[in-house]
Amino acid sequence: MNFDIIGFGALNVDRLCHVDDFAPVDGETFINYETKVCGGSAANTIVSIAKLGLKCGHIGKVGSDSYADMMCEYLKENNVDTNHTILTPNGETGEVMGFVDANGDRKLYVTPKVNDDITYDEIKPEYLDTKIIHLTSFVGLNNSASIDTQLEVLKNLDSDVKVSFDPGMLYIQRGSEFINKFLKYTDILLINETELKMLTQKDTLDSAVDAISSEVEILVVKRSTDGSFIKKGDEEYNIGIFNVDAIDTTGAGDAYNAGFLYVLLSGYNLHDSGIIGSYIAAKSTTKSGATSAIEYIDPVTGKSYTGFLNSTFDVNALRQIAQVGGGRFFEIQAISDFSLALSV
């Protein structure tokens, strides 16, 4: 296959305003500083996987503005194939205005612009030669073209391509009838606990899992500081978190997806996939932006590499695992030993 994984979702430039506290209703506050980074949920995940060394592509649309140049350069710099980044003459690239407080929590406001304008006749079928296609949400309030195109792609996808789906709150708010259109094609559902309970209209994690786990091959529930829960048939795993000093939690869920899917694509089991997902999610929060912290720094030479996990997971690579906040390193003998560093 041409790709290990391709993403299909919105491409946004995130303007992240860092504040001490969010402004109260009818109140005001000041912005300490602003950062501008490339984002989009699927793009965040795909860029992180590309940094880890797999062959990645992305389907998305940008305008003809400076943000489009910024986005395309960002994807190329991180070894993501851009042959299916659709350029729109006279269009504007999507934008997210975000506010991040001193705890790293955030509030995001999305302006989709050309993101919602992808039509099926713009899709190149030959580009879908991949092991996994990873789908995330579009806004689609005034124009459902991109959503309709996602569903049409799924309908015509080769049966040997696995479908990974992270619906996000934008899709969950559309209700179960809408989500079920995607779930009928989904192999791996990556969803947070709040979204899962809303989707299933259940009050507890157990009841929500029972309501939906039979609909997909693999269910992954991201539980924020409570870690994650993974289920495939009779296999069930509760994974803890890595404690770090979070600066910005934007895209932490996307980073978890990257770690999980990367390890799964590398042939490892669900438990290992969850542990590395948790690790990369924690790592991502130590810098502003969803992917800027995803790197490998050799603790001996200090040299920075694009990926920080050796695809073979040999002992030496694991001993040299990338730093998690404050320059700390984990001395790990085997992948199973990651559990020793988890806060359960």
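Parameters and conventions
- Residue numbers run consecutively from 1 along every chain, following the written order of its sequence.
- Predicted model: local features are reported for residues with pLDDT of at least 70 only, side-chain atom pairs are reported and counted for 80 or more only, and whole-chain, interface and lining totals are derived from all residues.
- Excluded from the side-chain calculation are hydrogens and water; included are all heavy atoms of the structure.
- Axis definition: a line fitted to C-alpha atoms, limited for helices to the stretch in contact. Angles are taken between N-to-C directions and run from 0 to 180 degrees.
- Helix and strand labels come from DSSP, where a helix needs a run of H or I of at least four residues and a strand needs a run of E of at least two; each type is numbered from the N terminus.
- Throughout, a crossing is termed right-handed when the near helix is turned clockwise from the far one, and left-handed when it is turned anticlockwise from it by less than a right angle.
- Contact definition: two residues touch when any of their heavy atoms are within 4.5 Å.
- Each residue is placed in one exposure class: buried if its accessible area under a 1.4 Å probe, protein chains only, is under 20% of its type's maximum, exposed if it is over 50%, and partly exposed if it falls in between.
- Think of it as the arc spanned by the lines of direction from the helix axis to the C-beta atoms.
- Count a disulfide wherever a pair of cysteine sulfur atoms falls within 2.5 Å.
- Definitions used for this entry: grid spacing 1 Å over protein atoms alone; cavity, a set of points where a 1.4 Å probe fits but cannot get out; pocket, an open set with protein on both sides within 12 Å along at least 5 of 7 lines; lining residue, one with an atom within 4 Å of a point.
- Grid points are joined across faces, edges and corners, and a volume is the space filled by probe spheres set on the points.
- Throughout, the ten residues Ala, Val, Leu, Ile, Met, Phe, Trp, Tyr, Cys and Pro are labelled nonpolar, Asp, Glu, Lys and Arg are labelled charged, and all others, Gly among them, are labelled polar.
- pLDDT is a per-residue confidence score from the predictor, ranging from 0 to 100.
- When a carboxyl oxygen of Asp or Glu lies within 4 Å of a side-chain nitrogen of Lys or Arg, that pair is called a salt bridge.
- Two strands are counted as paired when DSSP detects at least two bridges linking them.

J.: How do you make sense of the packing of helix α8 (residues 252-265) against helix α9 (residues 270-284) when you look at a structure like this?
T.: For any two helices packed against each other, one specifies the crossing angle of their axes together with the interaxial distance. Taken N-terminus to C-terminus, the directions of α8 and α9 make an angle of 145°; their axes are 7 Å apart at the nearest point. With respect to the hand of their crossing, α8 and α9 are arranged in right-handed fashion. Taken together, the residues of α9 that come into contact with α8 (itself represented by Ala-252, Ala-255, Tyr-256, Gly-259, Phe-260, Val-263 and Leu-264) are Leu-270, Asp-272, Ser-273, Gly-274, Ile-276, Gly-277, Ser-278, Ile-280, Ala-281 and Ser-284.

J.: Where do I start with helix α6 (residues 193-200) in this structure?
T.: For the α-helix, the turn length of 3.6 residues means that residues three or four positions removed from each other point alike. For α6, the full list of buried residues reads Glu-193, Glu-195, Leu-196, Leu-199 and Thr-200. Down the axis of α6, the sector holding all buried residues measures 160°, keeping them to one side. Elements that come into contact with the buried residues of α6 comprise α4 (168-172), α5 (176-183), β11 (188-192), α7 (205-212) and β12 (218-222). Two residues or fewer past α6, Gln-201 is found with a positive phi of approximately 60°.

J.: Would you explain the state of the cysteines in this entry?
T.: A covalent bond between the sulfur atoms of two cysteines is what we call a disulfide. Scanning the entire structure with this criterion turns up zero disulfides. Counting only cysteine sulfurs, Cys-72 is the nearest neighbor of Cys-38, a cysteine outside any disulfide, at a range of 9.0 Å. The exposure class of Cys-38 is buried, given its relative accessible area of 6%. Accessibility expressed as a relative area gives 13% for Cys-72, which makes it buried.

J.: Is there a simple way to explain the layout of surface pockets in this structure?
T.: Any empty space left between the atoms is revealed when a probe the size of a water molecule rolls over them. Estimates place the volume of the second largest pocket at around 160 Å³. Looking at side-chain class alone, the lining of the second largest pocket contains six nonpolar, one polar and two charged residues.

J.: Mind showing me how you'd approach the confidence of the model for the protein here?
T.: Should pLDDT be low for a region, the predicted coordinates there are not to be read in detail. This prediction gives the protein a mean pLDDT of 84; 80% of its residues lie at or above 70. For residues 296-300, every residue scores under 50 in pLDDT, and the model assigns this stretch 19 contacts once sequence neighbours within four places are set aside. This model gives residues 302-344 a pLDDT under 50, and the stretch forms 103 contacts once residues within four places in sequence are excluded.

J.: I would appreciate a short explanation of unusual backbone geometry in the present structure.
T.: Glycine aside, residues mostly have negative phi, and peptide bonds are mostly found in the trans state. A positive phi angle is found at Gln-201, which is not glycine, with a value near 60°. Residue position: Gln-201 is located in the loop between α6 and α7. Even without glycine at this site, Ser-224 takes up a positive phi of about 60°. With respect to the secondary-structure elements, Ser-224 resides in the loop between β12 and β13 (228-232). Given a relative accessible area of 63%, Ser-224 falls into the exposed group.

J.: Is there a simple way to think about the pattern of salt bridges in this case?
T.: Once the charged atoms of two side chains with opposite charge are near each other, the side chains can pair. One pass over the full model with this rule turns up 12 salt bridges. Between Glu-122 and Lys-61 there is a salt bridge, and its shortest N-O distance comes to 3.1 Å. Of this pair, Glu-122 sits in the loop between β8 (106-111) and β9 (130-135) while Lys-61 is found in strand β4 (residues 56-62), placing the two residues 61 residues apart along the sequence. Note on Lys-61: relative accessible area 5%, which makes it buried. Glu-236 is the salt-bridge partner of Lys-231, the closest N and O atoms lying 2.9 Å from each other.

J.: Sorry if this is basic, but what is going on with the environment of Lys-162 here?
T.: Within the secondary structure, Lys-162 is located in strand β10 (residues 162-165). Not counting the four nearest positions on each side in its chain, Lys-162 is found in contact with Lys-131, Ile-132, Ile-133, Asp-187 and Glu-217.

J.: Would you mind showing me how to read the pairing of β8 here?
T.: Bridge count between strand β7 (residues 94-100) and β8: six bridges; the pairing is antiparallel. Residue pairing in the sheet places Met-97 in a bridge with Tyr-109 of β8. What sits between the antiparallel neighbours β7 and β8 is a turn of five residues, in which Gly-104 has the positive phi angle 90°.

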